[in-house]
Amino acid sequence: VGRKVQAIYLWWHKPVIDKELLQSLPNLKVIANSGVGMDHLDLKLVASFGVKMANAPHAVSSSTADTGMALLLASARRLVEVHNISISPSMEYCEADILGVRVAGATLGIIGMGSIGYKIALRAKAFEMNILYHNRTRRKAQEEQAVSATYCKKIDTLLQQADFVMVVVSLTPQTHKLIGKRELELMKPTATLINISRGAVVDQEALVAALQTGVIGAAALDVTSPEPLPRDHPLLKLKNIIITPHLGIKTDKASYMITEEAVENILAALNGLPIPSEVLPS
């Protein structure tokens, strides 16, 4: 049976791709991933077997950008807290208890300005936000102008100025714990950290301490490390945080589009054609 397998479609990191599996599939040509992040794959190991890899960046970018903006707005307007007040038996509250943070006119710092980051900038512009971004490579001038975004060569500059910091990078050895104690201390004490990339990009112990001691104002996380967190994890006990279970791409249309994109990549590989969304080992 193993000799017949020429392609693998990974759905939510399954099946696990290890050396034993690769050795058992001598005619495997391509592995297509259902999403953008490839941190669950050993890219160099896969490539050493002559197997090509592809992801699905186009299908997921809009849904993930929507998730980022949803978390920003939910945190700013304290939607989870006020929902709980609204359904409580007494519904007693003080106006000061539900004061949120104004989004229009606030500064959003986007760390990682790939296709998802850029779509977040498009959405943030419509919310009348001031946009800063930090990226390995600067965007073209016309792309910056289209979303009125200002490039920050140094991440420190962005962290010091932003009211909301949105992390949208891939998990690599370079971005592991990219946001740690030092970076959190550079942020405003009223600022909100939003992470829609991977949990390991943020030092969670440092984040817990920062939220407990007022180093930053709030956090909104679609990703954690691990997922889900242990039920006794200190992040789950904080009031100034929103956590969602890696919603990123989970919409009905995105799931369909991901499969279409993966099939397109697989068919190209099997027919010896250029793979539209090929991922090369770095």
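Calculation criteria
- Residues numbered from 1 in each chain as written.
- Predicted model: local features only at pLDDT ≥ 70, side-chain atom pairs only at ≥ 80, totals over all residues.
- Heavy atoms only, no water.
- Buried < 20%, exposed > 50% of the residue type's maximum accessible area, 1.4 Å probe, protein only.
- Helix = DSSP H or I, 4+ residues; strand = E, 2+ residues; numbered from the N terminus.
- Pairing = 2+ DSSP bridges.
- Right-handed = clockwise from strand over helix to strand, strands pointing away.
- Phe/Tyr/Trp six-rings, centres within 6.5 Å; stacked < 30°, edge-to-face > 60°.
- UniProt positions renumbered as here; feature names shortened; annotations may be inferred.
- Salt bridge = Lys/Arg side-chain N within 4 Å of Asp/Glu carboxyl O.

**Quick word on the pairing of strand 9 (residues 218-221)**
Here comes step 1: The alternating pattern of strand 9 places Ala 218 and Ala 220 and Ala 219 and Leu 221 on opposite faces, both of which are buried.
Here comes step 2: Examined bridge by bridge, strand 8 (residues 192-195) and strand 9 share 4 bridges and lie parallel to one another. Directly across from Thr 192, in strand 9, lies its bridge partner Ala 218.
Here comes step 3: As a crossover connection, the stretch from strand 8 through helix 9 (residues 204-213) into strand 9 is right-handed.

**Description of the packing of aromatic side chains**
Note on aromatic pairs: each is described by the distance of the centres and the angle between the planes.
Here comes step 1: Here the structure, examined in full by the defined rule, presents 2 aromatic pairs.
Here comes step 2: Aromatic side chains Tyr 133 and Tyr 151 sit 5.2 Å apart centroid to centroid with 50° between the ring planes, which places their arrangement in the tilted category. Of this pair, Tyr 133 sits in strand 5 (residues 130-134) while Tyr 151 is found in strand 6 (residues 149-151), placing the two residues 18 residues apart along the sequence.
Here comes step 3: For Tyr 133, a relative accessible area of 1% translates into the label buried.

**Thoughts on the UniProt feature "domain: D-isomer specific 2-hydroxyacid dehydrogenase NAD-binding" (unreviewed entry) in the protein**
Here comes step 1: In this numbering, the UniProt entry assigns the feature "domain: D-isomer specific 2-hydroxyacid dehydrogenase NAD-binding" (unreviewed entry) to residues 69-248.
Here comes step 2: Helix makes up 33% of residues 69-248 and strand makes up 16%, while its end C-alpha atoms are separated by 11 Å.

**A look at the pattern of salt bridges**
Here comes step 1: Within this structure, the stated rule accounts for 10 salt bridges.
Here comes step 2: Ionic pairing is found between Arg 78 and Glu 81, a salt bridge with its closest N-O pair at 3.0 Å.
Here comes step 3: The partly exposed category is assigned to Arg 78, whose relative accessible area is 24%.
Here comes step 4: Two residues, Arg 139 and Glu 143, come together in a salt bridge whose shortest N-O distance is 3.4 Å.
Here comes step 5: Several salt bridges converge on common partners, so that one network encompasses Asp 156, Arg 182 and Glu 183.

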